[in-house]
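Listed below, chain by chain, are the residues.
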Amino acid sequence: MADHFYTLFDFLVYTKGAAYILMGATLLGILGFWLFLTGRDEEKEIH
Amino acid sequence: MATENSAGSKSLFTPFNVVAAIILLVGVALTFLRFTKGLGAVTHLSDNNPWGIWIGFDLLCGVALAAGGYTTSAACYVFGLKRYHSAVRPAILTAFLGYSLVVVALLYDVGRPWRLPYPFFVQSGTTSVLFEVGLCVMLYLNTLFVEWLPACFEWLGFQKPRDFIVKITLALTILGVILSTMHQSSLGALYLLAPSKLHPLWYSMYLPVFFFVSSIAAGLSMVIFEGTLSHHYLHDRMDAAYKREHDDVVLGFAKGAAMVLALYFMIKVIGIGIDNKWNYLLSGYGAWFLVELLGFVALPAFLYAIAVREKNLKLAKWTAVLTVLGIILNRFNTSLVAFNWQLAPADRYFPSWMEIAISVYLITLGLLVFRFVATRMPIFHEDPRYRQHVPHEGEEEAGPEFTEHKLHRHPQTFGH
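Residues numbered from 1 in each chain as written. Chains lettered and ligands numbered in written order. Predicted model: local features only at pLDDT ≥ 70, side-chain atom pairs only at ≥ 80, totals over all residues.

1. Let's talk about the overall build of chain A
The secondary structure content of chain A amounts to 2 helices and 0 strands. Put simply, chain A has 47 residues, and 4% of those count as buried. (Helix = DSSP H or I, 4+ residues; strand = E, 2+ residues; numbered from the N terminus. Buried ≥ 20, exposed ≤ 12 C-beta atoms within 10 Å, placed from the backbone.)

Set out below in structure tokens:
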């Protein structure tokens, strides 16, 4: 099947798909990082 | 540094002063050479590499590391985090000196320095990114100058003009944030003009975003770094409020920097993904890119988070150093290492010792001016006549070592 070729549209679909997945991972990752970062803040307030 | 100054009677021949004097002498000689014999006499710049370390280090790093001015004043006056108030003046002074030195460095770098004001008066060039950078830097330098003036006026005893500037602090801060947002990002946008010269891993349509976001982390880390050095060398110039708030500033800014670095890491990865440049990561440049991204972005973000969780001031301070080095590395990579990456090694740029010496000379000049100002003007302490802090219950008016500036406190307060 040598007649298969990739178009710019294919490229954009592929990269935008990757970007959307990364953005979702970013949202979750930042949320997790924030929870890690502030995990002990409450302890400070109790004292 | 401060000991000999405050004592007044001690010798001027301290190791710091002697080294600074030697650097200044060499710098003056090289300055004479630069302005009499031209750029070719002191630099390795060429048509292939017209921008060297005076742009890559003095300008790009100088502007990024001076971002502490707008981040600190925005935190205090725009976001209302008054507990960071004591960090504002040192940050403003650092930023003002940083931007001043950026302009001085430009005078060395521009072939015909007397034409530096041309973009503003001879032609507008409004479609040029460089014009926008120049205009913003010029306006922001003036803004920083005005923001710094209250400390100068308090020192000189000019109360009325000082009170007027304090009243417009919020407006100045907003103007500073707007101008910084514009030119910090535009410095990255400059490199959008060279897609064929900059390595694909560093080239991205999001370069302006990368430069702006990383400048916030640089500014926050620089405030921690500068505060730590000042705490060590200018301790006797600090009042009780500054000393009390210092730890809070370090941990608070560490928390902010951790989040910004985490976000910066994520958008850098998205930048790779959206241009589908994963394959470059397997090359030598890819390894170097990963060193920058993992070692100087992800690692400091994690270390900052640990420092904040454990309330570990020492770790936060060392992480600030790592972050500052990371920002310098990123600007070096963008402007020098990954720039003209396809050229033969013989055509690549490496700075001459004289270029490096002039950069060191300018940094030394900045340090000396900082010391001169900080040991005389109310930068790390508040003049009791213009006290803005509401004293805490049982708080001393000044620290035990802070005896030279114990003036009678007036009951009225000014400003915020």
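Next comes the rest of the account.
2. Some words on the overall build of chain B
Of the regular secondary structure elements, chain B holds 15 helices and 0 strands. Considering only contacts in chain B between residues 6 or more positions apart, those separated by 24 or more positions represent 81%. (Contact = placed C-beta atoms within 7 Å.)

3. Some points on the nonpolar core
Residues and elements named next belong to chain B. One finds A254, A258, L261 and Y304 to be the most contacted residues of the largest nonpolar core, which totals 111 residues. Examining the composition of this core, we find that 17 residues originate from one element, helix α12 (residues 240–274), more than from any other. Not counting residues up to four positions away in its chain, the partners in contact with A254 are I224, Y304, A307, V308, A316 and T319. (Core = buried A, V, L, I, M, F, W, Y, C linked by C-beta atoms within 7 Å.)

4. Examining the environment of K16 of chain A
Relative to the elements of secondary structure, K16 of chain A occurs in helix α1 (residues 8–37). Put simply, K16 of chain A and G39 of chain A are 23 residues apart on the chain and 34 Å apart in space, counted from C-alpha to C-alpha.

5. A closer look at helix α15 (residues 353–374) of chain B
The end-to-end C-alpha distance of α15 of chain B, which contains 22 residues, comes to 31 Å, matching closely the 32 Å that a straight helix rising 1.5 Å per residue would cover. Those residues of α15 of chain B that fall on the buried side of the exposure criterion are E355, I358, S359, Y361, L362, F370 and A374 of chain B. (Expected span 1.5 Å × (residues − 1).)

6. A short note on unusual backbone geometry
Residue and element names in this part refer to chain B. In this structure, N276 is a non-glycine residue whose phi angle is positive, near 55°. Residue classification places N276 among the partly exposed positions, given that 15 C-beta atoms sit within 10 Å. The phi angle at N340 is positive, at roughly 60°, despite the residue not being glycine. Within the element layout of this structure, N340 appears in the loop between α14 (313–337) and α15.

7. Concerning the packing of helix α8 (residues 129–156) of chain B against helix α10 (residues 169–189) of chain B
Residue and element names in this part refer to chain B. Taken N-terminus to C-terminus, the directions of α8 and α10 make an angle of 150°; their axes are 9 Å apart at the nearest point. Between α8 and α10, the crossing angle belongs to the class labelled roughly antiparallel. As for the relative orientation of α8 and α10, their crossing is left-handed in sense. Along its contact with α8, which presents V129, E132, V133, C136, V137, L139, Y140, T143, V146 and E147, the element α10 presents L172, L175, G176, L179, S180, M182, H183, S186, L187 and A189. Looking at the contact of α8 with α10, its residues break down into 13 nonpolar, 5 polar and 2 charged. (Axes fitted to C-alpha atoms, helices over the stretch in contact; angles between N-to-C directions. Parallel < 35°, antiparallel > 145°, perpendicular 65-115°, else oblique. Left-handed = near helix turned anticlockwise from the far one by under 90°. Nonpolar A, V, L, I, M, F, W, Y, C, P; charged D, E, K, R; others polar.)

8. Quick word on the packing of α10 of chain B against helix α11 (residues 207–233) of chain B
Residues and elements named next belong to chain B. Relative to each other, α10 and α11 sit at 130°, their axes nearing to 7 Å. Considering their axes alone, α10 and α11 lie oblique with respect to each other. As α10 runs across α11, the sense of the crossing is right-handed. Each of T181, Q184, S185, S186, L187, G188 and A189 in α10 lies in contact with α11, whose residues at this interface are L207, P208, V209, F210, F211, F212 and S215. Here the residues of the contact of α10 with α11 sort into 8 nonpolar, 6 polar and no charged.

9. Describing α12 of chain B
All names here are of chain B. With 35 residues, α12 ought to run about 51 Å at 1.5 Å a step, and its terminal C-alpha atoms sit 51 Å apart, in line with that. By the largest-angle criterion, H246 marks the main kink of α12, which is about 35°. Of the residues trailing α12, N276 is marked for its positive phi of about 55°. (Bend = angle between axes of the 7 residues up to and from the residue.)

10. Observations regarding the environment of L313 of chain B
Checked against the element boundaries, L313 of chain B lands in helix α14. If we skip the residues at most four places from it in the chain, L313 of chain B touches D247 and V250 of chain B.

11. Observations regarding the confidence of the model for chain B
All names here are of chain B. Of all residues in chain B, 90% have pLDDT values of 70 or greater, and the mean over the chain is 87. Put simply, helix α1 (residues 2–7) is where chain B has its lowest mean pLDDT, 44, and helix α13 (residues 284–310) is where it has its highest, 96. Confidence drops under a pLDDT of 50 for residues 1–8, and excluding neighbours within four residues, the segment shows 14 contacts in the predicted structure. The model gives residues 392–416 a pLDDT under 50, and that stretch makes 36 contacts with residues more than four places away or in other chains. (pLDDT = per-residue confidence, 0-100.)

12. Overview of the environment of V297 of chain B
Residue and element names in this part refer to chain B. Its location among the elements puts V297 in helix α13. Since 25 C-beta atoms lie within 10 Å of it, V297 is described here as buried. Sequence separation between V297 and L261 is 36 residues, and the spatial gap between their C-alpha atoms is 6.0 Å. Beyond its immediate stretch of four places on either side in the chain, V297 contacts L261, Y264, F265, K268 and G326.

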